[in-house]
Structures are given as structure tokens and as C-alpha cells.
Amino acid sequence: MNFKSKAFVTFFIFSSSLIAFSKQLLIAKFLIPADYGIYSKFYIVSTFTLSFGALGLYYGTIYRISKNLNDKLFSIVKSKINLLWGYIYFTPVLILILFFTLSFDKFFEYFLLIFFSFSQVLFAISYLELNLISALSFSKKIFYKNAFTQIPVLILTYFYNDLYYAIICESILILIQLFYLKQFNYKFNYVKLHKIIDLYVETKTYLGSVFTASLLFFTVRIIASNKLIADDLGIYFLGFTLVIIGNQFQYLFSVILNPIFSKKSRNKEFSVKYIISTWLLVFTVSTFVYSILYSFKDLVFEFFPNYKKIEIIYLPFCCLGLAKMSEIISIYFVLDGKVRYNLFSNLLSIVLIVVFCIIFWNNLNSIKSFSNLIYLESVLILLSPIIFFFISNFRLNE
């Protein structure tokens, strides 16, 4: 990818991130904190569903496609259909578990969760191989998706102040965009359950890694959803929008790095120096971005008078966002076939977070008490992958 292409990719992903972030902020502004907490839980469920809903088959499919892009006998369409059936078979059960785990109150929300999550899943599957083939084209699709859904959702939320209308509207608009652009127009063949299970066995390496990554992302959010009162939960998730920025930038880095890392993996050109220098560059950029965001804290406090307690967790969430934005080692592990080190890294972080929560469980009942937990999560997400990167390369050198 030449410099011009990288510049355009950066522009489209950055613009997409800005659109997504501004949408979250404005919806938080239009809704009361308690309703915004529920709205945010829908996004938590859809994120978990996409990353873990197919029990690791999603990342296994990405790896299989990346290794066979130049193989004319390999069917990308068939792989995508198999992946979709993986979601169809297992996602309703997963979402039912999340429904009760995250303390949703109304049963119709379960069906809305399925509808919303599957709109996101269909979008991700439709452009799965494009992410590996052309970062520029893929970044454009993300930009168009966010731009297309932004204004209608905000107008609906502003006039009706109803989080469910916002969720339904966004889901329908994503589906309209997919079918209008004919991104999901290939023959939808039925795939039997045993075939999907066979694919799970083939990609079982990814199950542990993906499960622990999803659990790491989800654990603290589960605790917050069950320990904080409704208004405090809305404030917590408003702070979490700072992390969403980091996720979006990390997504930008993955779009740029996926084709590069994939090529280096096929040609066996990876080196410790290259990975560490890339990580240091990303960490430097992340620190710069979050320094700017932190300098805007007073404006944020003024813009959200109903979320006064956001002042308490603003800095901790900036640290967590910085850590998420810097996390590119997991991309290297996946594309270089070392996913077990993602598993080890995630397990270490989960164990330490659980131990912390057990020790301080009775005190985790307010926004202020969650600050230290957010700091701990930040440190673990930042350092655990680096530790296991050096361990993996030390073992190879032996």
C-alpha cells in the first residue's frame, strides 16, 4: 500500500470513528443516563456476538481466507456462508445467556438484541475478504455505513427520546445498505449442523483465544451492569465511549496492518524488531490522541450536565482507551498462527481482574470504586500481550 492509499484509509477510518463517536455522544445527550445505559448494553452484546458468537469460527475464517487468497480452488463465498450458519446456530443461545447476565428487564429486548446483532454480523461477513484484499475499499465501506445510519438515528432519538427506536432504525438501515448494494446476493445454501461442528474442530485453536478475549472485554462490563444503579451505569458507559475511540483507531491500525502482516506471515518475514517498532509507533500515536482527549475534559463535563460523575472516571477511561488503541500484538499472533499466546495473555488478565474483584467485591458499588478496576484493566491490556510476545520469541530462539 503506497502513501496515498494509506492517507485515504486513515481519512476514511478516522472519519468513520468521528461519526460513530459523535453519534454515541449525542444519543447520550438526548437520553437520560438510565436509558443510555440500556442502549450501551445493546452495543456490548453485538460486539460480544460478533467476536465470539461463532465460537471462534469468525477469526478462523479470516485466517483461512488470508492463507488462500491466491488459491483459485478456494471458495470465499462458501466460507462466508458456513460462517453465517455458525452464527445462526449458536448466537440465539449466546444472546439469551447475555440477556440474563447483563440484567435486561424486558423480554422483547431479547428479540431486539438478536435483530440488532445479526445486522452487525451480516455487515461484517459481507465485507470479510475485502478487509484482507483492499484496506482502502474496506475503509470506504465502513465510512458509508456509519454516515448512512447517523442522521436518521439521531433525528429519531432527538424527537422521540426512545432508545428502542434508535436500535431498530440503525439495524434496518444497515440491512437496507447491504441489500441495496447487493453485498449479500449469493445463493444462501443450507449447511447442516455437523458440518459447522467439523469447521469448529478445524479452527479449535481460535476458540480459546476468542473466548478469553471476549470474556476479558466483557467481565468488567458484566460487573458494572450488576453492581451499579441505572443512572451510574449510564455514566459508566458514557465514559466507556472514550474506549470506543481507542477501539476505532485500533480497527484503523488493523485495516492497515492486516494486509501487511498477512503478506509478511506468508513470506516468513516477521522480526522482533519490526513488531516492536510498529507497536512503539502505535503507542506513541495513542498517547498523543488521548492527551488531546484529556485536555477537552472540561468541555465534556459542561456538555453533559446530567452525567456529573463522569469527572471521576474520565482519566481512567482515557488510560483504558489508550491501552486498547495500542493493542496490535494480538493481530500479529492471529495472522502468524500464534493464537495460543493471545489465549495466555487474556487468561492472565482475566485471572488478575477476577482476583481484584473478589478482594474488593463489597466496595464495587459506585462510580468512584470502579476507577481502580479500570486502571488495572488498562495496565493488563497494555502489557500482557507484550510479555507473551517476548515469551513466544524467546521460545522460538531456543
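1. Thoughts on the overall build of the protein
Line of reasoning, step 1. Within the protein, the secondary structure is distributed over 17 helices and zero strands.
Line of reasoning, step 2. In terms of overall dimensions, the protein is globule-like: its C-alpha atoms have a radius of gyration of 20 Å, near the 21 Å expected for 398 residues.
Line of reasoning, step 3. Viewed in the frame of its principal axes, the protein has a C-alpha envelope of about 55 × 50 × 45 Å.
Line of reasoning, step 4. In the protein, of all internal contacts separated by at least 6 residues, the share reaching a separation of at least 24 is 84%.
Line of reasoning, step 5. When the 34 basic and 19 acidic side-chain charges of the protein are each reduced to a single mean position, those positions are 10 Å apart.

2. Let's talk about the state of the cysteines
Line of reasoning, step 1. Using the criterion set out here, one finds zero disulfides in the structure.
Line of reasoning, step 2. The thiol sulfur of cysteine 318 is not disulfide-bonded, and the nearest other cysteine sulfur, from cysteine 319, lies at 7.0 Å.
Line of reasoning, step 3. What makes cysteine 318 buried here is its relative accessible area of 4%.
Line of reasoning, step 4. Exposure remark for cysteine 319: the relative accessible area of 29% places this residue in the partly exposed category.

3. Describing the packing of helix α12 (residues 272-295) against helix α14 (residues 310-325)
Line of reasoning, step 1. One can describe the packing of α12 onto α14 by two numbers: an axis separation of 9 Å at closest approach and a directional angle of 155 degrees. In terms of their interaxial angle, α12 and α14 are classed as roughly antiparallel. As α12 packs across α14, the resulting crossing turns out to be right-handed. Seen from α12, the contacting residues are Val282, Phe283, Val285, Ser286, Thr287, Val289, Tyr290, Leu293 and Tyr294; seen from α14, they are Tyr314, Leu315, Cys318, Gly321, Leu322 and Met325.

4. Re the packing of aromatic side chains
Line of reasoning, step 1. In total, this model carries 36 aromatic pairs according to the counting rule given.
Line of reasoning, step 2. With a centroid separation of 5.6 Å and an interplanar angle of 80 degrees, the aromatic rings of phenylalanine 301 and tyrosine 314 are classed as edge-to-face. One end of the pair, phenylalanine 301, is in helix α13 (residues 297-303); the other, tyrosine 314, is in helix α14, with 13 residues separating them in the sequence.
Line of reasoning, step 3. Here a set of aromatic residues connected by ring pairs shows up, and it is made of Phe42, Phe99, Phe100, Phe104, Phe107, Tyr110 and Phe111.

5. Let's talk about a nonpolar patch on the surface
Line of reasoning, step 1. Residues Phe115, Phe148, Ile168, Ile172, Ile176, Tyr180 and Leu181 make up a contiguous nonpolar surface patch of about 640 Å² in total accessible area.
Line of reasoning, step 2. At four residues, the largest contribution of residues to the nonpolar patch is made by helix α8 (residues 163-180).
Line of reasoning, step 3. In this fold, tyrosine 180 is placed in helix α8.

6. Details of the layout of surface pockets
Line of reasoning, step 1. If you add up the space inside the largest pocket, you get close to 450 Å³.
Line of reasoning, step 2. Contributing to the lining of the largest pocket are 21 residues, with Leu18, Phe21, Ile245, Leu293 and Phe296 lying nearest its centre.
Line of reasoning, step 3. For the lining of the largest pocket, the secondary structure elements donating two or more residues are α1 (3-30), α11 (230-266), α12, α13 and α14.
Line of reasoning, step 4. Taken together, the residues of the lining of the largest pocket sort by class into 19 nonpolar, two polar and no charged.
Line of reasoning, step 5. Counted as a void, the second largest pocket has a volume near 300 Å³.
Line of reasoning, step 6. Contributing to the lining of the second largest pocket are 13 residues, with Phe253, Ile256, Leu257, Leu281 and Val282 lying nearest its centre.
Line of reasoning, step 7. Where the lining of the second largest pocket is concerned, the elements lending two or more residues are α1, α11 and α12.
Line of reasoning, step 8. A per-element tally of the lining of the second largest pocket places α11 first, with six residues.
Line of reasoning, step 9. Along the lines of polarity and charge, the residues of the lining of the second largest pocket split into ten nonpolar, two polar and one charged.

7. Structural notes on the confidence of the model for the protein
Line of reasoning, step 1. Across the protein, the average pLDDT comes to 84, with 92% of residues at 70 or higher.
Line of reasoning, step 2. Confidence scores differ between elements of the protein, with helix α6 (residues 130-133) showing the lowest mean pLDDT of 74 and α14 the highest of 95.

8. Here we look at the pattern of salt bridges
Line of reasoning, step 1. Under the defined criterion, the tally for this structure stands at four salt bridges.
Line of reasoning, step 2. One salt bridge in this structure joins arginine 221 and glutamate 377, with 2.6 Å as the shortest N-O distance. Of the two residues, arginine 221 sits in helix α10 (residues 204-227) while glutamate 377 sits in helix α17 (residues 371-397), which places them 156 residues apart along the sequence. In terms of burial, arginine 221 and glutamate 377 fall into one category: buried.
Line of reasoning, step 3. For glutamate 311, the salt bridge identified is with lysine 308, shortest N-O distance 3.6 Å.

Basis of the calculations
Residues numbered from 1 in each chain as written. Predicted model: local features only at pLDDT ≥ 70, side-chain atom pairs only at ≥ 80, totals over all residues. Heavy atoms only, no water. Helix = DSSP H or I, 4+ residues; strand = E, 2+ residues; numbered from the N terminus. Rg over C-alpha atoms; globule rule 2.2 N^0.38 Å. Contact = heavy atoms within 4.5 Å. Lys, Arg positive; Asp, Glu negative; His and termini not counted. Charge placed at Lys NZ, Arg CZ, Asp CG, Glu CD. Disulfide = S-S within 2.5 Å. Buried < 20%, exposed > 50% of the residue type's maximum accessible area, 1.4 Å probe, protein only. Axes fitted to C-alpha atoms, helices over the stretch in contact; angles between N-to-C directions. Parallel < 35°, antiparallel > 145°, perpendicular 65-115°, else oblique. Left-handed = near helix turned anticlockwise from the far one by under 90°. Phe/Tyr/Trp six-rings, centres within 6.5 Å; stacked < 30°, edge-to-face > 60°. Patch = residues over 30% accessible without salt bridge, like charges linked within 9 Å, V, L, I, M, F, W, Y side chains within 5 Å. Areas by Shrake-Rupley, 256 points an atom, 1.4 Å probe, with all protein chains shown as cover. Salt bridge = Lys/Arg side-chain N within 4 Å of Asp/Glu carboxyl O. 1 Å grid on protein atoms, 1.4 Å probe; cavity = no way out; pocket = protein on both sides within 12 Å on 5 of 7 lines; lining within 4 Å. Points joined across faces, edges and corners; volume = space filled by probe spheres on them. Nonpolar A, V, L, I, M, F, W, Y, C, P; charged D, E, K, R; others polar. pLDDT = per-residue confidence, 0-100.

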